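# Examination of the molecular architecture
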Amino acid sequence: MRKYLLLVWLLCLTATFAQAQETKPMSWKDVATWKYMPNSAFKLSPDGQWMAYALVGIESDGELILQKVADPTSKKTFPIGNTTFPNFDFSQNSQWIAFKEYPKFKEKESNEKAKGKPLKEKLHLIKLGTEDKKTFEGAGGFSFNNQASSHLLINLPKEGNGDAKGSDVLIYHLSSGKSQNLGNVREHAANKAGTHLAYSVDAANSQGNGLYLLTLSNSSIQVLDSDEAGYQSINWTEKGDAFAALKMKKDKKYKQDRGILLGVKNINNPQLTQYEPAKDSAGFDQKYTISQNRRPMWSEDLTRLFYGIHPLVLAEKETPKKEENKDSLATAESLKIAKIMADTTIKSIADLQKAIAKLDTGKVTGKKSNDAKKPEMTIWHWQDDRLQSRQQVMENMDKNYSFWAMYDVAGKKHIALQDSSMKDLNILPYQHFALGSDQQSYELDINLNGQNYQDYYLVDLKTGAKTPLFENFYLPSYASMPRPSTDGKKLLYGKDGHFYVYDILAKTHTNITEKLPVSIINTEDDHNVKDPLQNPLGWSSDSKYVLVRDGWDIWQIPMSAKENPINLTQNGKKDKIRYQYRFTLDPEEKGIDLSKTVYIRTYGENSKKSGIATLSPAKAGLAVGPKMPLWEDANIGGIAKTEKAGVFTYSKEKFNEPTQIYLTDATLANGRKVTENAPDVGKFAWSTGVRLVDYVTTKGDSLQAALFLPAGYVEGQKYPTVVYYYEKLSQTLHSWANPGYSGTGWNPSLYTSNGYAVLIPDIVYKMDDPGMSAVWAVLPAVDAAIKTGVIDESKMGLHGHSWGGYQTSFLITQTTRFKAAAAGAPLTNMISMYDLIYWNSGGGNMSIFEASQGRFLGGPWENWDAYERNSPIYHVKNVQTPLLMLHNDKDGAVDFTQGVEYYNALRRLKKPVIMVQYLGENHGLGKLENRKDYSVRMMEFFDHHLKGQPAPEWMSKGVPRLKLGEHLEERAF
């Protein structure tokens, strides 16, 4: 017996050793060929019988996996080339699948080196359940003709198309295999039923330009309108019974084309409505025209057309150039010399040369030269509502902005619904009313302090009459914005910590949450805003109820005074379960259908579990209570339902288990894994698990941290640890981090795979102390994590990017406990940063400091001590931690000068600091070669300081400018 047990032990030991030998830490080189399933790269056929998903890699060739759901043995794999955005789709009748094949990685690499022409792509079409596959060479975009799924529409890009904006479209008949080619198509769109294809033609010299309608069943084509014009913006109604379009005609007097509105209905016997504003001088302001920048649309009852209008801008007059020949030039030169010689001050050759020079610059006569150039400049004025930088970012949008207008078909009348006094307009459901808004009166203050205010108006879409609704309306968060009921007759809005409903017809305001036994204010929002509300789930499909959240539970609030509010979830607050949001299973739904089961995403605030709850329809005014078919120590999400069958899918992942898709039914029970995402996952070593660490901040807040164990973790051993943070992130305890080269260099999966523990603590903030708040939260989190026995407190590092980079650069001024720190794009001087510009948006930083992440009360001149107290630069002499800082010269979020300022201060004090700068890069790294490079350097930095590995020369000695090229050449992989 003892021999038998010994044999079993030896076999187990051998198996464990073999497994250890098979797996290895993932290197950054391995990431390049790692294959994974991107988000949204899994699809089910509408009947739920077939599934397809794609696996792609950064520097490897992808593949499409296709199989019958009920028969795993039917699985087939097809190459799709090198792409990070796989493109495939099932037909709506579930009989076909089409997918793109891109050039292979090596082909793209070779072509790039040779600077060849763009490589062509292929489109493959497969009839499901057969071996039939047809390939279309040189294909662009593609689509099936919606519900009918009788044809495949393929764009065929062609080169050298002259002034034509159109290209060929191939229409492939799926049942017969016959093809029809439409030439010079600029736009095309099939209606919902898939019976008709509307398209526009844009050919060379405008020959044959027009709007056409193709009946797909018999391939007959009708010319709806033809002209030497550009036809565009085809927009079908949701039902597919009519469409609108624009005809744009050139007018040499103006910079823009003049727009003409086209509306087509009764598509089996098309009826065309055409409205040309230029011929309506009595009803249409001739300073305007119909804009090509807004798609026109029909009203639901097909009585009105909506479209955009914008002002016409006169074209610049060209100054005719005079043709000059040699004789005329000679004559002009003779006259010039004669004029100069008549000047009595000319006494020498030197005087003559000076006079000629003055005449050439127009100074002899005292007149400006015709060739004088205007200066290139910007005038920044203190009364500008928007900074000039913001105006520059928004310039094209401002130029292309258009106002909504309406055309009454029967009355043949144009009505402008908007003008410059009301910048935004939202047309409400059923097109009875529109909600207008404008913030121009408050724009300067909004840009200065971040406190958001709007004026709101109601517009009657029968008459165009505008009525004020709210003046100086405060918007502490998105949740307070007015949102329409599904019937378009009511508005839900937030004010003073409550939700109200405005009845548009009755003109009454009703507080619908004042009788709730709970508050709906988001008390965990620690920004400088007043009474921000929890985001509501929205209106019921019959407009009789509104669903709101108190942060834990979901409440059903009736519009009728005869009913009482109902707590649909009941146990949220009691069990610390957050009912977060509802899954939309029908993309065409209008509101929440409370007669059907509602699916809610759930999250355990303290347990970090997640899942999906189902809410059954309330009976006799009472909630049945939620069921929790999915509730696991995992990250559950992504629920979806097939269009024509009761087949459901959801996603599940853990920190050390890649995201996979599970198949189930409406009960969500007995989910079956149907994907093999990350097929090479078994080749590498991953984190052995996670720990949830509870701690109390210095200020008494109870928080949590996620502790990820290193690969090969052995109980009782201590490991080097990197602490990473960005506000509250403990909810990522069960989130899979797909191996990749991120724009910040950070990937927790790579660090745990290489023997690091990773600690991610929560941070909550106190007003006027964003930096000190990190100290008060992070250090107690570290202390609590050390007690687990996992962390080697002598080998701890810090890392964060952007706001996390700020926390890092500040923390090392307050403690010497960390042996290394890497800060990406950090804010380092809150005082100088306050008055700088967020170049990506063009806005000023002051609103960010006073109403967003900065969390300060007022500007520096009102609150100097707080700004100074929380600025790393003013405590720089305390730094003893070696710092690796990433800051790029084109950072449009945190100005590059912030990194330079901190680097120079540390360097002046002879503190160990290295700053890496990637030329032309923004707030995060975009170019693949840069993302690779920094990912490797940051791990080398931590490997040296936390693991004792030799420092590479770039770290120990730096790299002289003259040797940089050679250095980068050596490190490229």
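Going by the structure above, here's the rest.
To start, this report covers the structure provided alongside it. Keep in mind that this is a model prediction, so the values were computed, not measured. (Residues numbered from 1 in each chain as written. Predicted model: local features only at pLDDT ≥ 70, side-chain atom pairs only at ≥ 80, totals over all residues. Heavy atoms only, no water.)

### Overview of the overall build of the protein
- The number of helices and strands found in the protein is 19 helices and 55 strands.
- Computed over C-alpha atoms, the radius of gyration of the protein comes to 33 Å, within 12% of the 30 Å expected from 2.2 N^0.38 for 973 residues, which places it in the range of a compact globule.
- Out of the 973 residues belonging to the protein, those deemed buried represent 50%.
- For the protein, the proportion of contacts with a sequence separation of at least 24, taken over those separated by at least 6, is 54%.
- Only carbon and sulfur atoms are counted for the fraction: they give 50% of the accessible area of the protein, which is about 48,100 Å².
- The positive charge centre, built from 117 side chains, and the negative charge centre, built from 111, are 2 Å apart in the protein. (Helix = DSSP H or I, 4+ residues; strand = E, 2+ residues; numbered from the N terminus. Rg over C-alpha atoms; globule rule 2.2 N^0.38 Å. Buried < 20%, exposed > 50% of the residue type's maximum accessible area, 1.4 Å probe, protein only. Contact = heavy atoms within 4.5 Å. Areas by Shrake-Rupley, 256 points an atom, 1.4 Å probe, with all protein chains shown as cover. Lys, Arg positive; Asp, Glu negative; His and termini not counted. Charge placed at Lys NZ, Arg CZ, Asp CG, Glu CD.)

### Focus on the packing of aromatic side chains
- Following the criterion strictly, the structure yields 41 aromatic pairs and no others.
- Relative to Phe-403, the ring of Tyr-401 has its centre 5.5 Å away and its plane inclined at 80°; by these criteria the two rings are edge-to-face.
- Centre to centre, the rings of Phe-470 and Phe-473 are 4.8 Å apart; their planes meet at 35°, and the pair counts as tilted.
- Classification of Phe-470 as buried rests on a relative accessible area of 11%.
- Chaining the aromatic ring pairs together yields one cluster made of Tyr-724, Trp-746, Tyr-751, Tyr-756, Phe-941 and Phe-942.
- Sitting over the face of the ring of Phe-88, Lys-43 holds its NZ or CZ atom 5.1 Å from the ring centroid.
- Sitting above the plane of the Trp-954 ring, Arg-937 keeps its charged end 5.0 Å from the centroid. (Phe/Tyr/Trp six-rings, centres within 6.5 Å; stacked < 30°, edge-to-face > 60°. Lys NZ or Arg CZ within 6 Å of the ring centre and 35° of its normal.)

### Notes on the pattern of salt bridges
- On inspection of all chains with the given rule, the structure shows 37 salt bridges.
- Residue Glu-940 pairs with Arg-971 through a salt bridge whose shortest N-O separation is 3.0 Å. One end of the pair, Glu-940, is in helix H17 (residues 928–947); the other, Arg-971, is in helix H19 (residues 964–971), with 31 residues separating them in the sequence.
- Overall, Glu-940 belongs to the partly exposed group, its relative accessible area being 21%.
- Shared partners join several salt bridges into a network, and the residues in it are Asp-225, Asp-227, Lys-247 and Lys-249. (Salt bridge = Lys/Arg side-chain N within 4 Å of Asp/Glu carboxyl O.)

### Some thoughts on the sheet that holds strand E8 (residues 122–127)
- Read from one edge to the other, the open sheet built from four strands follows the order E6-E7-E8-E9, with strand pairing classed as antiparallel. The sheet terminates laterally at strand E6 (88–90) and strand E9 (133–137), the two strands that pair on one side only. Adjacent strand axes in the sheet meet at a mean angle of 15°, parallel and antiparallel pairs treated alike.
- Pairing analysis gives six bridges linking strand E7 (residues 96–101) to E8, with the strands arranged antiparallel. Bridge pairing in E8 links Ile-97 to Ile-126. (Pairing = 2+ DSSP bridges. Axes fitted to C-alpha atoms, helices over the stretch in contact; angles between N-to-C directions.)

### Some remarks on the packing of H17 against H19
- With their axes 11 Å apart at the nearest point, H17 and H19 run at an angle of 90° to one another. With respect to each other, H17 and H19 are oriented roughly perpendicular. Residues Asp-933, Val-936, Arg-937 and Glu-940 of H17 form the contact with H19, whose participating residues are His-967, Leu-968 and Arg-971. (Parallel < 35°, antiparallel > 145°, perpendicular 65-115°, else oblique.)

### Topic: the packing of helix H11 (residues 770–786) against helix H12 (residues 803–814)
- Relative to each other, H11 and H12 sit at 75°, their axes nearing to 9 Å. As judged from the angle between their axes, H11 and H12 are roughly perpendicular. Facing H11, whose interface residues are Pro-770, Gly-771, Met-772, Ala-774, Val-775 and Val-778, H12 presents Trp-803, Tyr-806, Gln-807, Phe-810, Leu-811 and Gln-814.
- Taken together, the residues of the contact of H11 with H12 sort by class into nine nonpolar, three polar and no charged. (Nonpolar A, V, L, I, M, F, W, Y, C, P; charged D, E, K, R; others polar.)

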